[in-house]
Amino acid sequence: MIGLTLVLLGSVTAVIGLYVYLNSPQFNQRIRDFVIRETAAYTGSQVSLGSIRWDLRGQRVVLEDLTLRGTEAASEPPLGHIESITAGVRLRNLLQSHLDLSELEIVNPQFRLRVDSEGRTNLPVPVKQREVPESFKMSIDSLKVTGGQAIINDRKINIDFDIKDLVAALNYSGEAQKLSAQIAYTGILANPGQFSIPYVLSSEFDFTMGTVVAHKISLTSGKSSANLQGKIERALTPEVAVKLDYSGNFENAFLKHFMPKETIGGNSNTRGVLEYSSGKFSATGQIASKTVEFEGWKTDSLNANYTYRYPEKQLNLTKLAVAALGGTAKGTVSLIPVPGKPRITVDLNYSDVDTVQLAQVYPWDRKYMIYSKAQGHLQGWLERDLTRYEFEGDSLLTSYTPEPMPGVIAFPASGPVTFAIKPGEMQVKSADLHVLGTTVQASGRIVGKESDLTISLASSNLEDLKFLYPDANGKGSFKGTLKGPLEKPALEGDVVLDGYKYRDLTIQHAEGS
């Protein structure tokens, strides 16, 4: 028993001694020397480290004032400097070529990279090659970088980010100087006060000699997703050139992150090519959508080719085919600036459009409804909130018989009309319309509820015009002007009446001015 007690006492004492040593300044110094030595050996840089603190119980290590020098002159700022690194380390995986961290927080990292025209950099070359595992895995529950900055040939890039669930598998071939990587994480794209977009990214790529070959990049945010693949050349230089093929499915409501006040709905499928170089960005491709909803307007289908160019901020839709307003339209649409408050320019040929569905842009009282199917041409511009717009065009109307609606005065109209329209005003350049039993040729303006028209009218049933004159009946014609309120306009011109009934009298024929 005494021997067993001594063994147990010795074991406990050894464990306590080891624990005290692992948490002692002497151990921290040995760890500090190890970090400096191994970092220098693997990177070839000159390394200095202000301090290191190791908390075995909390499985946490803190490095402060870490500096790496490359091939830059001693008088120049260093290749890299990090104010502090805090890592939560899961010790169980350290012997399995698997870095497993509960957290990694990097504060105020600064990296300065010099790249000449031949692609040479101030990155150092390791003094001796170390054996690198054939594959190395890394997982980090939470990665946060604050105050980060990368300076490439005096061009500054902020590198602050906060991501979760980072998982990476890395494979580096020293002979080919190629890094192959699989990386996945969740993050938030944020612009304070404007939008905050959660997303999930996964990627597979190779990096060698300044070129990134992206085999697969997948992005998901809510119900929207995109897949990309392609090449990034001169990746670490200001002359970077990017070309990526992409395809995606987008919930149109995703745009509410950028236009929070607008009502947007529907889904769209896209595919095309993204290109970037020297401050220029472009995207070309095709878009197809079963439905698009925007500020009370709805399309049943939309297909188009598109191009977007920056810094012009211009989006062009060509070969546009859209089903909306009960009919179809084909043509071109352009928007500029995007992002911003764009002016939308349209040039469309349309057919079978139900004019009733245009009631919200009528420049007159909406109780006067035109019941027609329209085909023709429309060109002009509008702003997205429809507070300002100007259109002109021509239309051939074909009437249909509506269901009676209380308070609505129906105009089932047929015939050609050319027009120009803007908020509260319509210019009738020419019209030759047949409404029920009345034929009218007209030109002039309607501003709000006020009219100023020159007309030539012939009617086989003047009761069609009771909305103008309650006692209208018989047959007749009118050539002259119609001015004033649409409800009670003033007529001036030549009048012919046939079979007009006034009280108990019937006027067989009358004419005058």
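Not measured: the values here are computed from a predicted model. Residue numbers run consecutively from 1 along every chain, following the written order of its sequence. Totals for whole chains, interfaces and linings use all residues, but because this is a predicted model, local features are given only for residues with pLDDT of at least 70 and pairs of side-chain atoms are given and counted only at 80 or more. Note: side-chain values were computed over all heavy atoms of the structure, leaving out hydrogens and water.

(A) Inspection of the overall build of the chain at higher detail. Going along the chain from the N terminus, every DSSP run of H or I of four or more residues is numbered as a helix, and every run of E of two or more is numbered as a strand. Across its full length, the chain carries 2 helices and 30 strands. Exposure classes here rest on a 1.4 Å probe applied to the protein chains alone. A residue is buried below 20% of its type maximum, exposed above 50%, and partly exposed in between. When burial is assessed residue by residue, the chain has 34% of its 513 residues classed as buried. The long-range share in the chain, meaning contacts at least 24 apart out of those at least 6 apart in sequence, stands at 41%. Residue-level accessible areas treat just the shown protein chains as cover; the underlying method is Shrake-Rupley with a 1.4 Å probe. Of the accessible surface of the chain, which amounts to about 30,300 Å², a share of 57% is contributed by carbon and sulfur atoms. Between two residues, a contact is recorded if the distance between any of their heavy atoms is within 4.5 Å.

(B) Inspection of the pattern of salt bridges at higher detail. Any carboxyl oxygen of Asp or Glu within 4 Å of a side-chain nitrogen of Lys or Arg constitutes a salt bridge here. The final tally for this structure, using the stated rule, is 8 salt bridges. Arg53 is the salt-bridge partner of Glu64, the closest N and O atoms lying 3.1 Å from each other. Here Glu64 is found in strand S2 (residues 60–69), whereas its partner Arg53 is found in strand S1 (residues 46–55), with 11 residues between them in sequence. Residue classification places Glu64 among the partly exposed positions, given a relative accessible area of 29%. Between Glu392 and Lys429 there is a salt bridge, with the nearest N and O atoms lying 3.3 Å from each other.

(C) Spatial organisation of the confidence of the model for the chain. In the predicted model, the chain carries a mean pLDDT of 81, and 83% of its residues have values of at least 70. Within the model, pLDDT remains below 50 along residues 1–22, and this stretch shows 8 contacts once partners closer than five positions in the same chain are excluded. pLDDT measures how confident the predictor is about each residue, on a scale from 0 to 100.

(D) Examining unusual backbone geometry more closely. Cis peptide bonds are those with omega within 30 degrees of zero, and the linkage from Tyr310 to Pro311 qualifies with 25 degrees. The step from Ile336 to Pro337 runs through a cis peptide bond, and the omega angle for that step is 0 degrees. Mapped onto the elements of the fold, Pro337 is located in the loop between strand S18 (327–336) and strand S19 (343–354). Backbone geometry places Asp65, a non-glycine residue, at a positive phi of 60 degrees. With respect to the element layout, Asp65 can be found in strand S2.

(E) Structural context of the packing of aromatic side chains. Two aromatic rings from Phe, Tyr or Trp, using only the six-membered ring of Trp, form a pair when their centres are within 6.5 Å; if the ring planes differ by under 30 degrees the pair is stacked, by over 60 it is edge-to-face, and anything between is tilted. Within this structure, the stated rule accounts for 5 aromatic pairs. Ring centres of Tyr185 and Tyr199 lie 6.1 Å apart, and the angle between their planes is 75 degrees; this geometry places the pair in the edge-to-face category. Of this pair, Tyr185 sits in strand S9 (residues 178–191) while Tyr199 sits in strand S10 (residues 195–208); the two residues are 14 residues apart in sequence, bridging distant segments of the chain. With respect to burial, Tyr185 and Tyr199 carry one shared label: buried.

(F) Geometry of a nonpolar patch on the surface. Residues forming no salt bridge and having over 30% relative accessible area are the ones grouped into patches, like charges within 9 Å of each other and nonpolar side chains (Val, Leu, Ile, Met, Phe, Trp, Tyr) within 5 Å. Judged by side-chain polarity, Tyr502, Leu505 and Ile507 come together as a nonpolar surface patch covering roughly 290 Å² of accessible area. Note that Leu505 resides in strand S30 (residues 505–512). Look at Leu505 and you get exposed, because its relative accessible area is 57%.

(G) Geometry of the pairing of S19. The rule for pairing is simple: two strands pair if DSSP sees at least two bridges between them. Alignment of S18 against S19, held across 9 bridges, turns out to be antiparallel. Its bridge partner lying in S19, Val333 is registered against Val346. Linkage of S18 to S19, two consecutive antiparallel strands, is achieved through a turn of 6 residues, within which Gly340 is found at a positive phi near 140 degrees. Summarising the sheet, S19 and strand S21 (residues 372–383) pair through 10 bridges and their orientation is antiparallel. Counterpart to Asp354 in the pairing with S21 is Lys373.

(H) Geometry of the nonpolar core. Put simply, a nonpolar core is a bunch of buried Ala, Val, Leu, Ile, Met, Phe, Trp, Tyr and Cys residues held in one set by side-chain atoms that sit within 4.5 Å of each other. Core analysis: the largest hydrophobic core is formed by 82 residues, its most contacted members being Leu104 and Val333. Apart from the residues within four sequence positions on either side, Leu104 is in contact with Ile85, Thr86, Ala87, Ile140, Ser142, Leu143 and Lys144.

(I) Geometry of the environment of Tyr276. Relative to the elements of secondary structure, Tyr276 occurs in strand S14 (residues 264–277). Of the residues examined, Tyr276 reaches a relative accessible area of 26% and is grouped as partly exposed. Along the primary structure Tyr276 and Glu239 are separated by 37 residues, whereas in three dimensions their C-alpha atoms are 9.9 Å apart. The contact partners of Tyr276, leaving out residues within four places of it in the chain, are Arg155, Val240, Ala241, Val242 and Phe281.

(J) Region of interest: the side chain of Thr67. Inspection of the secondary structure puts Thr67 in strand S2. For Thr67, a relative accessible area of 14% corresponds to the buried category. Not counting the four nearest positions on each side in its chain, Thr67 is found in contact with Gln46, Val47, Ser48, Pro78, Gly80 and His81.

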